[in-house]
Amino acid sequence: MSANEPAGQPSPLRYPFPAPPARGRLLEVGPGVFWIRMPLPYALDHINLWALADGPGWTLVDTGLHVPLTLEVWAELFAHWPDARPITRVIATHMHADHVGLAGWFAEHHGCRLWMSRLDYLNSRLTVAEAGDPPSAVARAFYRRCGWGDEALDAYPRGRSRYASQFYRLPESYRRLQDGEELAIGAQRWRVIVGTGHSPEHVCLYCAELALFISGDQVLPRITSNVSTYASEPEADPLADWYASLAKLRLAVPDEVLVLPSHNVCFYGLHARLEQLRDSADEALASLRRRLRQPARVIDTFAALFARPIPESDPSLLRMATGEALSHLNWLLRRGEIHCHLDEHGIAWYRLAPEAGERPAAAFPDVTV
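Worth saying up front: this structure is predicted, and the values here are computed from it rather than measured. (Residues numbered from 1 in each chain as written. Predicted model: local features only at pLDDT ≥ 70, side-chain atom pairs only at ≥ 80, totals over all residues. Heavy atoms only, no water.)

Undergrad: How do you make sense of the overall build of the protein when you look at a structure like this?
TA: The helix and strand inventory of the protein stands at 10 helices and 17 strands. What you see for the protein is a C-alpha radius of gyration of 21 Å, in line with the 21 Å of a compact globule of 369 residues. In terms of principal-axis extent, the alpha carbons of the protein reach across some 65 × 45 × 35 Å. A separation threshold of at least 6 residues defines the contact pool for the protein, and within that pool the share at least 24 residues apart is 68%. Accessible surface for the protein amounts to roughly 15,900 Å². Of this, 53% is attributable to carbon and sulfur atoms. Side-chain charges of the protein comprise 36 positive and 43 negative groups, with the mean position of each set lying 0 Å from the other. (Helix = DSSP H or I, 4+ residues; strand = E, 2+ residues; numbered from the N terminus. Rg over C-alpha atoms; globule rule 2.2 N^0.38 Å. Contact = heavy atoms within 4.5 Å. Areas by Shrake-Rupley, 256 points an atom, 1.4 Å probe, with all protein chains shown as cover. Lys, Arg positive; Asp, Glu negative; His and termini not counted. Charge placed at Lys NZ, Arg CZ, Asp CG, Glu CD.)

Undergrad: So what exactly am I meant to see when it comes to the nonpolar core here?
TA: Soluble globular proteins: nonpolar side chains tend toward being buried together. By size, the foremost hydrophobic cluster in this structure holds 52 residues, and its most contacted members are I193, F213, V253, L270, L292 and Y350. Of all the elements in the fold, those that place two or more residues in this core are α5 (137-145), α6 (150-164), β11 (202-207), α7 (238-252), α8 (270-291), α9 (302-305), α10 (315-334) and β17 (348-352). By residue number, the principal contributor to this core is α10, which donates 8 residues. Setting aside anything within four residues of it in sequence, one finds V253 in contact with I193, Y206, F213, L270 and H271. Counting residues in hydrophobic clusters, the runner-up holds 33 residues, among them L40, I47, Y121 and L170. (Core = buried A, V, L, I, M, F, W, Y, C linked by side-chain atoms within 4.5 Å. Buried < 20%, exposed > 50% of the residue type's maximum accessible area, 1.4 Å probe, protein only.)

Undergrad: So what exactly am I meant to see when it comes to the sheet that holds strand β14 (residues 258-261) here?
TA: Backbone-to-backbone hydrogen bonds pair the strands of a sheet. The strands run either parallel or antiparallel. Strand order across the open sheet formed by 6 strands is β9-β10-β11-β12-β14-β15, with mixed pairing between neighbours. Whereas interior strands pair on both sides, the edge strands pair on one side only; in this sheet they are β9 (182-185) and β15 (267-268). In terms of strand pairing, strand β10 (residues 188-195) meets β11 through 5 bridges, oriented antiparallel. Counted as the bridge partner of V192 is L205 from β11. This element, α7, spans β10, β11 and β12 (212-216) of the sheet and lies at about 155° to β10. (Pairing = 2+ DSSP bridges. Axes fitted to C-alpha atoms, helices over the stretch in contact; angles between N-to-C directions.)

Undergrad: Sorry, what's going on with unusual backbone geometry here?
TA: If a residue is not glycine, its phi is most likely negative; likewise, a peptide bond is most likely trans. A positive phi angle, near 55°, is found at A211, a position not held by glycine. A positive phi angle, close to 70°, is found at N264, a residue other than glycine. As for its position among the elements, N264 is in the loop between β14 and β15. A relative accessible area of 11% places N264 in the buried class.

Printed below as a string of structure tokens:
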């Protein structure tokens, strides 16, 4: 993720709450809708969770990581919970550990069911299942092709295992969420809107009656979500999915909603933010085209795409940066703007195609909602 709110310009976004909720406390942001701020042991040091009053119980949207700190904060939250009704349902917006890491714990200790999209549920389970396996030759060749050195390649399996440990054992059964379906939560109806790019089937929730939009990681006000390509599908084009999802959300959700994102703070100005996110992707591609006037490996493109250095000593950051850089390269490669060749060491080198020049910014594609 990278910061990309334009500097030195008045922001078109409005932030109605002066501060997020304190640790172990809830803040009501709409009738029966409460904001929870959960700490994370990362550079991005928090995630926002949402508790929705739901008849005889509560629906929880996202859970936080399976780490001792999260369980400690949940104990504090339960001591200040608005009433005695139990948590009866957990909705996970998508597959990443900070969002679904404790879903199995809630299912086991609170008897509630996990609701999630199919592809993200299956990918979460695969992440955990593969964590104990030795690093495959396929994954090692993939990251070697991207330009990783031996130190980073050797650290990769340790980082993968550490990440998988942040999931509590996932439930063996779940309720599938699908694009366009409506959920009754309390007295309101919430429509499921599935986005792509950041994860295979990212669930967002829109309530027209309350004018609230739970955006997960699909729309964040001050940073952009990671859009990565992985060893399992090295020719994927998730940036195209990301562009399409931005267009889809602009058509599906009105601008006047209060956006409840997974990181940063609640805001108004959804359509302006979607434009900023599209412009950010356009600018990254333009910067990458300029860099590729000379041959470059995936890891050589980091300076063109990211504002901060990407050290090889940080396996998690290196993996995310590599995946995102490759997604941008694949976007250009699929459209014939660049060429790629492998050298004798199996490392991929990319270069701007001779016939390719500066291209106009991508418009929102036509999307049927």
